[in-house]
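Geometric and topological summary
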Amino acid sequence: MKKISTSFYDILGISSATICLVHCLIFPLLTILPLGLSHNPIIDLLFASIGLFAILKIIKKSALLVSSILVVSMALIWISILTELFFEIHLDLIYFGGIGMIIGHLINYKLHKKQNH
């Protein structure tokens, strides 16, 4: 059975975080248009779950800096989502968490690529 590499999880994490960040930035603009769209934090929860899966696979093998960036970023995302789900309060922490996830995964991807070449 082929073992999935860390770079796969970095690409999964980068993709998920980027799509989530675009969703969080674009969706408020779409709600202005009369399309009948409403925000559903369950979508954010889906993105966060994918990201959590990716970082759990990565932090075991990554440097302390990368692990710290990913864990703090994921905590910001989860705090923001859970605050919205339970208290219906939107926090901007999700944006910082999304950017941090992208940065953390990019750093880890580059470090992983450098170690394997």
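Everything numeric in this text was worked out from a predicted model, so none of it was measured. (Residues numbered from 1 in each chain as written. Predicted model: local features only at pLDDT ≥ 70, side-chain atom pairs only at ≥ 80, totals over all residues. Heavy atoms only, no water.)

What follows concerns the environment of Ile94. Its place among the elements puts Ile94 in helix α4 (residues 93–115). Under the relative-accessibility criterion, Ile94 is labelled buried at 4%. Beyond its immediate chain neighbours, meaning those up to four positions away, Ile94 contacts Cys24, Asp44, Leu76, Ile77, Ser80 and Ile81. (Helix = DSSP H or I, 4+ residues; strand = E, 2+ residues; numbered from the N terminus. Buried < 20%, exposed > 50% of the residue type's maximum accessible area, 1.4 Å probe, protein only. Contact = heavy atoms within 4.5 Å.)

By the definition in use, this model includes two aromatic pairs. A centroid spacing of 5.8 Å and a plane angle of 70 degrees characterise the contact between Tyr9 and Phe53, whose relative ring orientation is edge-to-face. With Tyr9 in helix α1 (residues 6–30) and Phe53 in helix α2 (residues 41–58), this pair connects stretches of sequence that are 44 residues apart. A relative accessible area of 43% means that Phe53 is categorised as partly exposed. Among the aromatic residues, those joined into a ring-pair cluster are Phe8, Tyr9 and Phe53. (Phe/Tyr/Trp six-rings, centres within 6.5 Å; stacked < 30°, edge-to-face > 60°.)

To continue, consider the confidence of the model for the chain. Predicted coordinates in areas of low pLDDT are best not read in detail. Chain-level statistics for the chain give a pLDDT mean of 82 and a share of 84% at 70 or above. Mean pLDDT values for the elements of the chain range from 77 in α1 up to 93 in helix α3 (residues 64–87). (pLDDT = per-residue confidence, 0-100.)

As a further point, take empty space enclosed by the protein. Here the structure, examined in full by the defined rule, presents one cavity of 30 Å³ or more. Size it by volume and the largest cavity reaches roughly 50 Å³. Residue lining of the largest cavity: Ser16, Ala17, Cys20, Phe47, Ala48, Gly51, Met74, Ile77, Gly98 and Met101, and that is the complete set. The set of elements that each furnish at least two residues to the lining of the largest cavity consists of α1, α2, α3 and α4. Taken together, the residues that form the lining of the largest cavity break down as seven nonpolar, three polar and no charged. (1 Å grid on protein atoms, 1.4 Å probe; cavity = no way out; pocket = protein on both sides within 12 Å on 5 of 7 lines; lining within 4 Å. Points joined across faces, edges and corners; volume = space filled by probe spheres on them. Nonpolar A, V, L, I, M, F, W, Y, C, P; charged D, E, K, R; others polar.)

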